[in-house]
Amino acid sequence: MKNYKRILVTSALPYANGPIHLGHLAGAYLPADIYVRYQRLKKRDVVYICGSDEHGVPITIAAEKKGVSPQQIVDQFHARNKAAFAKFGMSFDYYGRTSSPMHHQTSQEMFINLNDKGVFIKKTEQQLYDAKARMFLPDRYVKGECPHCGFPEAYGDQCEKCGSSLSPTELINPISALTGDKPQQKETEHWYIPLGALQKQVEEWLATRQGWKPNVMGQVKSWLNEGLADRAVTRDLNWGVQVPLPHAEGKVLYVWFDAPIGYISATKEWAMEKGNPELWKTYWQNDDTRLVHFIGKDNIVFHCIMFPAMLIAHGNYVLPDNVPANEFLNLEGNKLSTSRNYAVWLEDYAEKFDIDPLRYYLAAIAPETKDSDFVWQEYLTRNNSELADILGNFTNRTLAFAKNQFTGTVPARGDLDELDREMLSTIARAPDEIGAAIENFEFRKALVLFMNVARAANKYFNDQEPWRTVKQNPAKCATTLNICLHACNALALLMAPVLPFSAAKAWAMMGHATDVHQQAWDDVRHMELPTGHQLGRVEILFRKMEEKEIEPEIERLKNIQAQPDNKPVVAEPTASISIDELAKVQLRVAKIVAAEKVEKADKLLKMDIQMGDEQRQIVAGIALHYSPEALIGKKIIVVANLQPAKIRGIESNGMLLAAQDDQGNLSLLGLDKDVNDGASVR
RNA sequence: CGCGGGGUGGAGCAGUCUGGUAGCUCGUUGGGCUCAUAACCCAAAGGCCGCAGGUUCAAAUCCUGCCCCCGCUACCA
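1. Overview of the overall build of chain A
Here is step 1 of the chain: Helix and strand counts for chain A stand at 20 helices and 26 strands.
Here is step 2 of the chain: A burial count over chain A gives 52% of its 682 residues as buried.
Here is step 3 of the chain: Of the contacts formed within chain A by residues at least 6 apart in sequence, a portion of 73% connects residues at least 24 apart.
Here is step 4 of the chain: Within the structure as shown, chain A displays about 31,400 Å² of accessible surface, and the carbon and sulfur contribution to it stands at 49%.

Dropping the structure here:
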């Protein structure tokens, strides 16, 4: 591995239109914080950067809903999220925001730089324009009927009913969400980054990456295999970083373009705060900086392809050494949903519970290789049986023993037996073993290794039976306790990255006046408590929790799940429709004149159908149930006025009707008596 | 449709790259100990490693097909 001189760590900039929940924390923030805290204890030069992502359409929508300005929205959530992170011990060196002047300036410089180099290409395209509001409509501001499922309230980017992704111009009868008017198509010009042209360079760079998680590299390769397309870096919107060119009024940088630049601008602000405005360059423009982005899996394409492509095109920035993206965290078996309030919010949690047990549990179930599940009952079990019973109780039994038998001081270490040496060796090995796991982004493993030290310490205590030797062999008892205290001391420091608050408490209990977070990780290998050292006050390190404390939380989530309107859109078919609505659907009899399988598609058939004078082509997913030959000549019922769609690149002008039962059996609708094709069905 | 990830005792996971007696934590059962937060320590029971084929002396691990779950240039880690 390359010999890096310093480390720059970033966590995904949280979007400032809502509060932070457990999923965010588990995916992008807690792992980064553990990593950074560890690196600091290793006495490495590390800077940890984060901040609020404050641009983009959703914020303007949120502002409009509440009748306030976008700035008010982001001000609110920037402050709240920053405070929430602080409560959970996120040790950012700087928490910036993308609405800051520095960020606007930095983003514009990046844009100008790439523009001057001729990186961008300009394209003119048709977009929907609301004449009354005098603005181009973002995808989300356009509503209309979904061309795939007919859902009347589909958005311009996606139909929430059938989940298909759309473009606004595909919608049937589009209306502006702003004014309710029918928008018109109007030309607009945008800057695009030609990712296809940069693909080779991105691939070459990726080929040099080592130690990337398979799920991350797999996803990246999937993107690259499909081939990268040109991607717009500007939008017609009045909230964001202005495009710094003449005649670009009303155009801002697309939020995906400016957000990652936020890492750079926040580092600049950090440097200025340190009184050394040029310092950011050391971290961003020196090859011997190790850049690590902590993100969730939804962000992989931005951090592994698009942002690097931008940086490559610029040429003067370091590229990420690793992007240890996490999968998703579920909650009590279900996906988190902010809109349904199905989440645990940091702000709520902090009011009721201790922070470290959550940090511990989330790190223990970190979705490193696959989605994981937060279960309150497991959280309680982990806290009680691991933190309290194994780690906390070991500290407690040791310190209580020292207090009762050795007046709260460290007894002398005498001759060592086999068990003593084994225990000391276990402690001495721990920092390297745990450290290696952390460096490898294996936080779950790090936690297991850490807890195993406490387990070994408990076993050692049991096996040496100091409560017996205290009467029969005081010197041996002293040695045992000396080593147990040594273990407590080591554990206090080893827990610091994951359990920062408890580590401080434990360190004080060991009688130190210093800050545990200022210690050196490697000292665990050889540090010793001097004989006679006065220990601190014995306190309970981790409180045992009771079921009744978490019951309301479980109950709350259950209730949300049970709410009927939360079974989104599935209930829709039961809604009754008017006769007029039915009349919109034109059903006709058609005769199949030709049919063939669609290549590389197991289920699709392409058919030519005859309806009176008219012949057209349709595509249907019935190949598993009907062979092409058997279909020719058959008369079927089709929806004649369904909007044309392309299915695997083949035009389909209509949809045939078929019944399907629970077992998946399929049966085409036919005719009871023969009728001429083209006849209408009513 | 395609692509990426995952499917291992009751629960949660490791092991899969580099085939060779299936491991850890919790839970269950039995025992030990009593310094300690009714904590700690030891032992046992419990798995046809998603399904079906194949390669091999040998497959959780390699190959092929299938099934199920999560995600996929979106406002969400």
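Read on, since the account is not over.
2. Details of the sheet that holds strand 10 (residues 230–232)
Here is step 1 of the chain: Spatially, the four strands line up as an open sheet ordered 5-4-9-10, and their pairing is antiparallel. In the strand order of this sheet, the two ends are held by strand 5 (135–136) and strand 10, each with one partner.
Here is step 2 of the chain: When strand 9 (residues 184–194) meets strand 10, the two strands line up antiparallel, connected through three bridges. Bridge pairing links Pro194 to Asp230 in strand 10.

3. Observations concerning the side chain of Thr98
Here is step 1 of the chain: Checked against the element boundaries, Thr98 lands in the loop between strand 3 (94–97) and helix 4 (101–116).
Here is step 2 of the chain: Residue contacts for Thr98: discarding those within four places in its chain leaves Leu13, Ser52, Asp53, Glu54, His55, His103, His104, Asp258 and Gly262.

4. Some remarks on the sheet that holds strand 14 (residues 320–322)
Backbone-to-backbone hydrogen bonds join strands into a sheet, with any given pair of strands oriented parallel or antiparallel.
Here is step 1 of the chain: Strands sit in the order 3-2-1-13-14 across an open sheet of five strands; the sheet is parallel. The open sheet has two edge strands with one neighbour each: strand 3 and strand 14. Going across the sheet, the axis of each strand differs from the next one's by a mean of 35°, ignoring polarity.
Here is step 2 of the chain: By the bridge criterion, six bridges tie strand 1 (residues 6–11) to strand 13 (residues 289–294) in an arrangement that is parallel. Residue pairing across strands places Val9 opposite Val292, the latter belonging to strand 13.

5. Quick word on unusual backbone geometry
Here is step 1 of the chain: For His247, which is not a glycine, the phi torsion comes out positive at approximately 60°.
Here is step 2 of the chain: Relative accessible area serves as the criterion here: at 73%, His247 is assigned to the exposed category.
Here is step 3 of the chain: Positive phi values are uncommon outside glycine, yet Phe441 reaches one of about 65°.
Here is step 4 of the chain: Residue position: Phe441 is located in the loop between helix 13 (418–439) and helix 14 (443–464).
Here is step 5 of the chain: Since its relative accessible area comes to 4%, Phe441 is described here as buried.

6. Focus on the side chain of Arg359
Here is step 1 of the chain: Examined against the element boundaries, Arg359 turns out to sit in helix 11 (residues 355–364).
Here is step 2 of the chain: Judged by its relative accessible area of 1%, Arg359 is buried.
Here is step 3 of the chain: In this structure the side chain of Arg359 is engaged in a polar contact, spanning 2.8 Å, whose partner is the backbone oxygen of Val498.
Here is step 4 of the chain: If we skip the residues at most four places from it in the chain, Arg359 touches Leu30, Asp33, Ile34, Arg37, Phe88, Gly89, Met90, Pro497, Val498 and Pro500.

7. A few points about the packing of helix 5 (residues 195–207) against helix 6 (residues 214–226)
Here is step 1 of the chain: One way to put it is that helix 5 packs onto helix 6 with a least axis distance of 12 Å and a crossing angle of 155°. One finds that helix 5 runs roughly antiparallel with respect to helix 6. Note on packing geometry: the crossing formed by helix 5 with helix 6 is left-handed. Contacts between helix 5 and helix 6 pair Gln199, Glu203 and Leu206 from the former with Met217, Val220 and Leu224 from the latter.
Here is step 2 of the chain: Of the residues that constitute the contact of helix 5 with helix 6, the class distribution is four nonpolar, one polar and one charged.

8. Quick notes on the environment of Ala402
Here is step 1 of the chain: Position of Ala402 among the secondary structure elements: in helix 12 (residues 376–406).
Here is step 2 of the chain: Sequence-distant contacts of Ala402, defined by excluding residues within four places in its chain, comprise Thr407, Gly408, Thr409, Leu481, Leu485 and Leu535.

9. What about the pairing of strand 1?
Here is step 1 of the chain: Judged by how many residues are buried, strand 1 sits mostly within the fold: six of six residues are covered.
Here is step 2 of the chain: Residues Arg6, Leu8 and Thr10 point to one face of strand 1 and Ile7, Val9 and Ser11 to the other, with burial holding for every one of them.
Here is step 3 of the chain: Strand direction decides the pairing type here: strand 1 and strand 2 (residues 45–52), joined by five bridges, are parallel. Its bridge partner lying in strand 2, Thr10 is registered against Ile49.
Here is step 4 of the chain: Crossover strand 1 to strand 2 through helix 1 (residues 22–41) is right-handed.

So, how was this worked out
- Positions within a chain are numbered from 1, following the residues in the order the chain's sequence is written.
- Note on labels: chains are lettered from A, ligands numbered from 1, in written order.
- Since the coordinates come from a predicted model, pLDDT governs what is reported: local features require at least 70, and pairs of side-chain atoms require 80 or more to be given and counted, while whole-chain, interface and lining totals use all residues.
- In computing side-chain values, all of the structure's heavy atoms are included and hydrogens and water are not.
- Each helix is a run of DSSP H or I of at least 4 residues and each strand a run of E of at least 2, with the numbering of both proceeding from the N terminus.
- The rule is simple: take the accessible area with a 1.4 Å probe, protein chains only, and divide by the maximum for that residue type; under 20% is buried, over 50% is exposed, in between is partly exposed.
- Residues are treated as being in contact if the distance between any of their heavy atoms lies within 4.5 Å.
- Values of accessible area rely on a 1.4 Å probe in the Shrake-Rupley scheme; residue burial ignores everything except the protein chains shown.
- Following DSSP output, two strands are said to pair if at least two bridges run between them.
- Interaxial angles span 0 to 180 degrees and are taken between N-to-C directions of axes, which are lines fitted to C-alpha atoms, for helices over the stretch in contact.
- Pairs of N or O atoms are called polar contacts if they sit within 3.5 Å, as long as, within protein, a hydrogen donor faces a hydrogen acceptor (for residues adjacent in sequence, only side-chain-to-side-chain pairs).
- Here roughly perpendicular refers to angles of 65 to 115 degrees, roughly parallel to angles under 35, roughly antiparallel to angles over 145, and oblique to all remaining angles.
- Note on convention: near helix rotated counterclockwise from far helix by under a right angle means a left-handed crossing. Clockwise means right-handed.
- Put simply, Ala, Val, Leu, Ile, Met, Phe, Trp, Tyr, Cys and Pro go in the nonpolar bin, Asp, Glu, Lys and Arg in the charged bin, and everything else, Gly too, in the polar bin.
- Clockwise travel from the first strand over the helix to the second, with the strands pointing away from the viewer, marks a crossover as right-handed.

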